[in-house]
Amino acid sequence: MSAVSDRLPVFPWDKLEPYKATAAAHPQGIVDLSVGTPVDPVPELIQKALVAAADSPGYPTVWGTAELRDAITGWCGRRLGARGLVHQNVLPVVGSKELVAWLPTQLGLGLGDRVAYPRLAYPTYEVGARLARADYVSYEDPTELDPDGLKLLWLNSPSNPTGRVLAKDELIRILAWAREHGILVVSDECYLELGWEAEPVSVLHPDVCGGSYEGLVSVHSLSKRSNLAGYRAAFLAGDAAVLGELLQIRKHGGMMTPAPVQAATIAALGDDAHVAEQRARYAARRGALRDALLKHGFRIEHSEASLYLWATRDESCWDTVAHLAERGVLVAPGDFYGPAGERFVRVAFTATDERVAAAVERLG
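Basis of the calculations
- Residues numbered from 1 in each chain as written.
- Predicted model: local features only at pLDDT ≥ 70, side-chain atom pairs only at ≥ 80, totals over all residues.
- Heavy atoms only, no water.
- Salt bridge = Lys/Arg side-chain N within 4 Å of Asp/Glu carboxyl O.
- Helix = DSSP H or I, 4+ residues; strand = E, 2+ residues; numbered from the N terminus.
- Buried < 20%, exposed > 50% of the residue type's maximum accessible area, 1.4 Å probe, protein only.
- Expected span 1.5 Å × (residues − 1).
- Arc of directions from axis to C-beta.
- Phe/Tyr/Trp six-rings, centres within 6.5 Å; stacked < 30°, edge-to-face > 60°.
- Pairing = 2+ DSSP bridges.
- Contact = heavy atoms within 4.5 Å.
- Axes fitted to C-alpha atoms, helices over the stretch in contact; angles between N-to-C directions.
- Right-handed = clockwise from strand over helix to strand, strands pointing away.
- Parallel < 35°, antiparallel > 145°, perpendicular 65-115°, else oblique.
- Nonpolar A, V, L, I, M, F, W, Y, C, P; charged D, E, K, R; others polar.

*Asks:* I'm lost on the pattern of salt bridges in this one. Help?
*Replies:* Pairs may arise between side chains of opposite charge once their charged atoms sit close together. The full count for this structure, using the stated rule, is 19 salt bridges. Of the charged contacts in the structure, one is a salt bridge between Asp 40 and Arg 285, with a shortest N-O distance of 2.8 Å. With Asp 40 in the loop between strand E1 (31-32) and helix H2 (44-52) and Arg 285 in helix H10 (residues 273-295), this pair connects stretches of sequence that are 245 residues apart. Residue class for Arg 285 comes out buried when judged on its relative accessible area of 3%. For Arg 78, the salt bridge is made with Asp 272, and the minimal N-O distance between the two is 3.0 Å. Of this pair, Arg 78 sits in helix H3 (residues 66-80) while Asp 272 is found in the loop between helix H9 (259-269) and H10, placing the two residues 194 residues apart along the sequence. For Arg 78, a relative accessible area of 45% puts it in the partly exposed group.

This is the structure we're talking about:
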């Protein structure tokens, strides 16, 4: 029996280890801008909500508490402009990466089915297709794909790694095409609250979806906007029929968000002030790194949103990684996200103010 791991690509981050060692040997230490993991404190009101729910000896439910579902529908209405969402339109999940990796399997996709994702994309979209034994294809424009056998279309706006934002008109066009061909659209919107030079719009906005959530699911995470990567707090919103089916499957699988994390999520979704404070931190770091990279001879493309700068020196991404590692700065090579990224690097601005200042000094 073939191991499941045989279906998967080599874990890309292992290839970065020699460059990480080089950067770590810098006299003033490494500045790690390769992974977009939060470094700032979890907001106090969220910590308090987690602690207050710590005495939770019983099993939580997969669908979450009614209060959690109220918080999700309320946030979607307030922040995304979604109208008419009820509890059947939402589903908490145990972090968005788990959902991305296992969604094709939970949808029942397999041999002969196809999954599509952007040509520059988070690698887990492909991993999810491989786990399900489905075929996969990347796209520049999804409406140019052959719709035959295409069952799941991933969108990602704002994009990881490029920070590109799909305009409202693009989303309307793509969704209309997918609905015409009966293709489920799942939109990964984990960076939606981190727009800098563009205002990201959700596929749940009535101007995009026409007030109907049929054939449409959006994915949201609290990891970035609330510094909750360690909590594994995320949720889905959209087509009640799709989410109802997923709910039944996830009940059997015991995919339950812990009760204290549910309480923390309610607190996080009910407060916008901490999101504004975190945005301000990231905006300052982004500005400093962007200016330093441009002065150092980089060109930056897209990057109008998200937590990354998509930068190039018009050379192999691995030459750029080596160049920066010699200066004690570690970044992610663009080919981690597809062959189209082979001359770019992804620079995260999630490091502390002190480490960002160190990177700026070294680039100078």
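Picking up after the structure, the text goes on.
*Asks:* Explain helix H8 (residues 240-253) here, please?
*Replies:* In an α-helix, one turn spans 3.6 residues, which is why side chains three or four residues apart end up on the same side. With 14 residues, H8 should reach 20 Å at 1.5 Å per residue; the first-to-last C-alpha distance of 20 Å fits that figure. Among the residues of H8, those classed as buried are Val 242, Leu 243, Leu 246, Leu 247 and Arg 250. The buried residues of H8 occupy one face: seen down the axis, they fall within an arc of 135 degrees. The exposed residues of H8 that point more than 90 degrees off its buried face are Ala 241 and His 252.

*Asks:* Is there a simple way to think about the packing of aromatic side chains in this case?
*Replies:* The geometry of two aromatic rings is summed up by the distance between their centres and the angle between their planes. By the definition in use, this model includes 12 aromatic pairs. Here Trp 318 and Phe 336 contribute two aromatic rings whose centre-to-centre distance is 5.9 Å and whose plane-to-plane angle is 65 degrees, an arrangement assigned as edge-to-face. Linking Trp 318 in helix H11 (residues 317-325) with Phe 336 in the loop between strand E12 (332-333) and strand E13 (345-348), this pair joins segments that are 18 residues apart in sequence. The same class applies to Trp 318 as to Phe 336, namely buried. Between Phe 336 and Tyr 337, the aromatic rings sit 6.5 Å apart at their centres with planes inclined by 55 degrees, giving tilted as the arrangement.

*Asks:* How do you make sense of unusual backbone geometry when you look at a structure like this?
*Replies:* A negative phi holds for most residues other than glycine; trans holds for most peptide bonds. Cis geometry is found at the peptide bond from Ser 157 to Pro 158, where omega equals -5 degrees. Structurally, Pro 158 is set in the loop between strand E5 (150-156) and helix H6 (168-180). With an omega of 25 degrees, the peptide bond between Asn 160 and Pro 161 qualifies as cis. The phi dihedral of Arg 232 falls on the positive side, at around 55 degrees, and the residue is not glycine. The residue Arg 232 is located in the loop between strand E7 (216-221) and strand E8 (234-238) in this model. Arg 232 sits in the partly exposed class, given a relative accessible area of 30%. Phi at His 302 takes a positive value of approximately 50 degrees, unusual for a residue other than glycine. Residue position: His 302 is located in the loop between strand E9 (299-301) and strand E10 (308-312).

*Asks:* Could you clarify how one ought to interpret the sheet that holds E13 in this entry?
*Replies:* Through backbone hydrogen bonds, the strands of a sheet pair up, either in parallel or in antiparallel fashion. Strand order in this open sheet of four strands is E9-E10-E13-E12, and the pairing throughout is antiparallel. The sheet terminates laterally at E9 and E12, the two strands that pair on one side only. Summarising the sheet, E12 and E13 pair through two bridges and their orientation is antiparallel. What sits directly across from Ala 332, in E13, is Arg 346. Its contacts with the sheet put H10 on E9, E10 and E13, and the angle it makes with E10 is roughly 5 degrees.

*Asks:* I keep staring at the pairing of strand E4 (residues 135-139) and nothing clicks. Help me out?
*Replies:* Two faces make up the sheet, and in a regular strand the side chains alternate between them. Where strand E3 (residues 114-118) lies against E4, five bridges are found, and the strand directions are parallel. Each residue of the ladder has a partner; that of Pro 118, found in E4, is Tyr 139. Note on the crossover from E3 through helix H5 (residues 124-131) to E4: the handedness is right-handed.

*Asks:* For this particular structure, what's the right way to read the packing of helix H4 (residues 96-106) against H8?
*Replies:* Between two packed helices, the angle of one axis relative to the other and the distance separating the axes together describe the packing. Two numbers describe how H4 lies on H8: the axes approach to 12 Å, and their chain directions differ by 100 degrees. Put simply, H4 runs roughly perpendicular to H8. For the pair H4 and H8, the contacting residues are Glu 98, Leu 99, Leu 103 and Gln 106 in the first and Leu 246, Ile 249 and Arg 250 in the second. In terms of residue class, the contact of H4 with H8 is built from four nonpolar, one polar and two charged.

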